Amino acid sequence: MNGSIERTSPGITLLPVAQATRATFAGLYLERTLLVFIRTGSKRVVCPISGELVGQAGDVMIFPPGSMVTMENRPLVNDSYRADAVSLSHELVSTVFSRHTVPPGPIGVQVLRGTMHQPSAVFDLIKGTLEDRGGLPDAIYRHRLLEPLVWLQQAGVRLTVGSEDHPLAKVRRLIQTDLSHSWRVLEVAAHFGMSEASFRRWLSRSGLGFSGILSNSRLEHGLGLLQTTLDPISQIALECGFKTPSHFSDAFRARFGITPRQIRSAAD
């Protein structure tokens, strides 16, 4: 991604996040386990399981796979909200958090406070491992990728393996292979070997219709690109399947109550 300073490797992705204007994003879907290390500002999260949580600078917020949450990023008066987001694959998480070691029951968003747990050391370990990728034997590299998850487990964090068979996850995964494609419900139903009627019934388990899932997939991806890259808004609009930047801006504002430009500049 042009302008991005992403660090990625099989199983793990690290992205710096920046947001200039305070905003609330409702109904965000997170397929993979996500760690958010807050640098400046604060983050408010509303989770159906955990309720309302607020993370401050120095804290790490842990989002289990399959989370559907509301997030509010709160910049400082004279500085943007900044964080480092680490996305972890199901396979990597399952190596440490097996179904036999995690107590039953739903798992919500969790927070480890910087004053007590010093999560910055864990972030430095993740960053250092990704930077050293080329100089490490595969076995040692994989072992080092697991160390942050072992640390989370020892700190009392609970995680489960995401359900890749959930209709919402499967449909979004397909759409995200090419967000600029003109996806149609018949085409997607055929991909899963279903009639349109059967597909819509199957999809109703997610609580959203096909058009809502398609729109959310495009806009949430656009939000991520605005927060983590320097790509032009016009390029992001096309990549996310919008024909014009103005169409993207209108849909983005209707969904999130803020314009794409305001993500990057509080003055706009």
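Check the entry above for the structure.
Parameters and conventions
Residues numbered from 1 in each chain as written. Predicted model: local features only at pLDDT ≥ 70, side-chain atom pairs only at ≥ 80, totals over all residues. Heavy atoms only, no water. Phe/Tyr/Trp six-rings, centres within 6.5 Å; stacked < 30°, edge-to-face > 60°. Lys NZ or Arg CZ within 6 Å of the ring centre and 35° of its normal. Helix = DSSP H or I, 4+ residues; strand = E, 2+ residues; numbered from the N terminus. Expected span 1.5 Å × (residues − 1). Buried < 20%, exposed > 50% of the residue type's maximum accessible area, 1.4 Å probe, protein only. Salt bridge = Lys/Arg side-chain N within 4 Å of Asp/Glu carboxyl O. Core = buried A, V, L, I, M, F, W, Y, C linked by side-chain atoms within 4.5 Å. Contact = heavy atoms within 4.5 Å. Pairing = 2+ DSSP bridges. Axes fitted to C-alpha atoms, helices over the stretch in contact; angles between N-to-C directions.

Caption draft 1: Just the packing of aromatic side chains, in detail. Scanning the model with the defined rule gives nine aromatic pairs in all. Among the aromatic residues, those joined into a cluster by ring pairs are Phe25, Phe242, Phe248, Phe252 and Phe256. Directly above the aromatic system of Phe123 lies the positively charged group of Arg39, at a separation of 4.4 Å from the ring centroid. The ring of Tyr141 has Arg133 sitting right over it, with the charged end atom 4.1 Å from the ring centre.

Caption draft 2: Quick peek at helix α8 (residues 210-228). If you check α8, its first and last C-alpha atoms are 27 Å apart, about what 19 residues at 1.5 Å a residue would give, namely 27 Å. Judged by how many residues are buried, α8 sits mostly within the fold: 14 of 19 residues are covered.

Caption draft 3: Spatial organisation of the pattern of salt bridges. One pass over the full model with this rule turns up 14 salt bridges. A salt bridge links Arg39 to Asp84; the nearest nitrogen and oxygen atoms lie 2.8 Å apart. Residue Arg39 is found in strand β4 (residues 33-40), and its partner Asp84 is found in strand β9 (residues 81-88); the two are separated by 45 residues along the sequence. A residue is classified by how much of its surface remains accessible, and Arg39, at 32% relative accessible area, is partly exposed. A salt bridge links Glu220 to Arg172; the shortest N-O distance between them is 3.1 Å. With Glu220 in helix α8 and Arg172 in helix α5 (residues 167-175), the pair connects residues that are 48 residues apart, well separated along the chain.

Caption draft 4: Here's a closer look at the environment of Pro10. Along the chain, the position of Pro10 falls in the loop between β1 (7-9) and β2 (12-19). Here the alpha-carbon distance between Pro10 and Arg142, two residues 132 residues apart in the chain, equals 9.8 Å.

Caption draft 5: How the structure looks around the nonpolar core. Counting residues in each nonpolar core, the largest one holds 33 residues, and the members touching the most others are Phe25, Phe63, Val69, Val109, Phe248, Phe252 and Phe256. Setting aside anything within four residues of it in sequence, one finds Phe256 in contact with Thr24, Phe25, Leu28, Leu219, Glu220 and Leu223. Leu14, Phe97, Leu112 and Val122 belong to the second-largest nonpolar core, a separate cluster that totals 25 residues.

Caption draft 6: Representation of the sheet that holds strand β6 (residues 51-56). What the four strands build is an open sheet, ordered β3-β8-β5-β6; its pairing is antiparallel. This sheet does not close on itself; its edge strands, each paired only once, are β3 (23-30) and β6. Direction aside, the axes of adjacent strands within the sheet are offset by 25 degrees on average. Summarising the sheet, strand β5 (residues 42-47) and β6 pair through six bridges and their orientation is antiparallel. Bridge pairing in β6 places Val46 opposite Glu52.

Caption draft 7: Seen up close, unusual backbone geometry. Of note, Gln118 is a non-glycine position whose phi angle comes to about 55 degrees, a positive value. Tracing the backbone shows Gln118 in the loop between α2 (114-117) and α3 (120-131).

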